[in-house]
Each structure stands twice: as structure tokens, then as C-alpha cells.
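# Reading the structure
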Amino acid sequence: MINPEYSNTPKHILTQEEANLLIAPVTRNEIKEALFEIDDESAPGPDGYTSAFFKAAWPVIGQAISEAIGEFFRTGKLLKQVNATLLALILKVNLPTQVSDYRPIACCNVIYKTITKIIVKRMQLVLHMLIDHSQNAFVPGRSISDNILLAQELLAG
């Protein structure tokens with residue numbers, strides 16, 4: 001017999017108010033907050049600029065950056081140059097002999113990173129309601145190893 005707790009019915013269906021949180025117009029303050037949360041040491045994009053540059057130049061470029069990001073959220077369109085990403089392979093060992101000896105780093109533009117951060121922050125508002133407690137991977141405060149330990153305990157005993 002299938003446990004009804006694990007049926008295909010959704011755990012939670014977003015209310016209109018919750019859905020509206022996800023699609024509300026993006027504010028300049030929200031854009032600035034997301035950009036300023038990006039680590040200054042994160043990899044620069046293909047244009048060579050890091051978030052430290054954008055933060056230092058915010059009084060001069062903040063309005064233009066906010067307009068560009070706001071335009072993306074209104075239209076869903078992004079310049080090809082902003083969407084460009086360079087992949088770099090960083091050595092993990094001195095003498096690499098296999099692919100796993102490299103760490104791939106994605107060098108995305110700061111505008112792209114900011115857009116992603118805004119989307120992630122909004123999704124975090126409702127994600128915990130949509131993901132079942134038994135689905136532990138990728139949810140803060142949960143660990144996939146909890147399920148492994150539970151399975152071992154069930155099989156052992």
C-alpha cells in the first residue's frame with residue numbers, strides 16, 4: 001500500500017498573495033541590495049569587472065544598472081553580452097592527469113549574477129512551502145545525509 005503522505009499531490013499550492021511576491025516589480029533598492037551581497041572576490045565576468053567595481057561606482061552607474069535589470073524583469077530579454085559566461089578550469093593538483101583534477105569556474109557578468117540573486121531571494125520566500133520535508137538536498141538546514149542515515153537505520157533494524 002502506498003503511503004498517502006508520499007502521493008503525487010502537491011504539498012502546497014501558492015496563494016495569489018505568495019505568487020504576487022514572486023512577480024512583483026523589482027525595485028531599485030532590491031537591485032542594489034542583491035548586487036551589494038555579491039562577494040567582492042567572486043570571479044569577474046567576461047568583461048573583467050567584479051562586483052567591487054560596481055559597488056565603488058554605484059553613485060555613477062547605479063541608475064543605469066537598475067534600469068537595465070528592471071528592463072530584464074519587465075521584458076524577459078537580456079543582451080547577449082550580459083548573458084555571456086566564460087568557463088575557466090582551475091588546477092586542483094600540480095600535475096593534472098584527469099578532468100577531475102580541475103575545478104570549473106563560471107565567470108558570469110555582475111548584472112547576470114545580480115538578476116540571479118534577485119530570483120533566488122524571491123524563490124526562498126516560498127520554496128520551503130513547496131519542497132517536502134523528506135526532500136533534503138539543496139534546502140538550507142536540511143542535509144541529504146539525514147536520509148542516508150535514516151535508510152541505514154531502517155534497513156538495519
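Residues numbered from 1 in each chain as written. Predicted model: local features only at pLDDT ≥ 70, side-chain atom pairs only at ≥ 80, totals over all residues. Heavy atoms only, no water.

### What to know about the overall build of the protein chain
Each helix and strand in the protein chain was counted, giving 6 helices and 2 strands. When its helices and strands are written in sequence order, the protein chain yields α-α-α-α-β-β-α-α. In the protein chain, which comprises 157 residues, the share counted as buried stands at 22%. For the protein chain, the share of sequence-separated contacts (at least 6 apart) that also reach a separation of at least 24 residues comes to 58%. (Helix = DSSP H or I, 4+ residues; strand = E, 2+ residues; numbered from the N terminus. Buried < 20%, exposed > 50% of the residue type's maximum accessible area, 1.4 Å probe, protein only. Contact = heavy atoms within 4.5 Å.)

### Description of helix α5 (residues 110-130)
With 21 residues, α5 should cover 30 Å at 1.5 Å per step; its first-to-last C-alpha distance of 29 Å lies within 8% of that length. Of all the bends in α5, the greatest, near 45°, is centred on glutamine 124. Burial in α5 covers these residues: Val110, Ile111, Lys113, Thr114, Ile115, Ile118, Arg122 and Val126. Lining the buried residues of α5 we find α1 (16-23), α2 (28-36), α3 (51-56), α4 (58-75) and β2 (102-108). (Expected span 1.5 Å × (residues − 1). Bend = angle between axes of the 7 residues up to and from the residue.)

### Describing the packing of α4 against α5
Where α4 meets α5, the closest approach of the two axes is 11 Å, and the angle between their N-to-C directions is 55°. Judged by the angle between their axes, α4 and α5 are oblique. Once α4 is placed against α5, the crossing between them reads as right-handed. Residues Ile65, Ile69, Phe72 and Phe73 of α4 form the contact with α5, whose own contacting residues are Ile111, Thr114, Ile115, Ile118 and Ile119. (Axes fitted to C-alpha atoms, helices over the stretch in contact; angles between N-to-C directions. Parallel < 35°, antiparallel > 145°, perpendicular 65-115°, else oblique. Left-handed = near helix turned anticlockwise from the far one by under 90°.)

### Remarks on the packing of aromatic side chains
Going through the model one piece at a time under the given rule, you end up with 5 aromatic pairs. Between the aromatic rings of tyrosine 49 and phenylalanine 54, the centroid separation amounts to 6.4 Å while the plane-to-plane angle is 85°, which identifies the pairing as edge-to-face. Classification of tyrosine 49 as partly exposed rests on a relative accessible area of 40%. A relative accessible area of 6% places phenylalanine 54 in the buried class. A cation sits over an aromatic face here: lysine 32 above phenylalanine 36, 5.4 Å from the ring centre. (Phe/Tyr/Trp six-rings, centres within 6.5 Å; stacked < 30°, edge-to-face > 60°. Lys NZ or Arg CZ within 6 Å of the ring centre and 35° of its normal.)

Bear in mind that shape data such as this cannot, by itself, settle questions of function.
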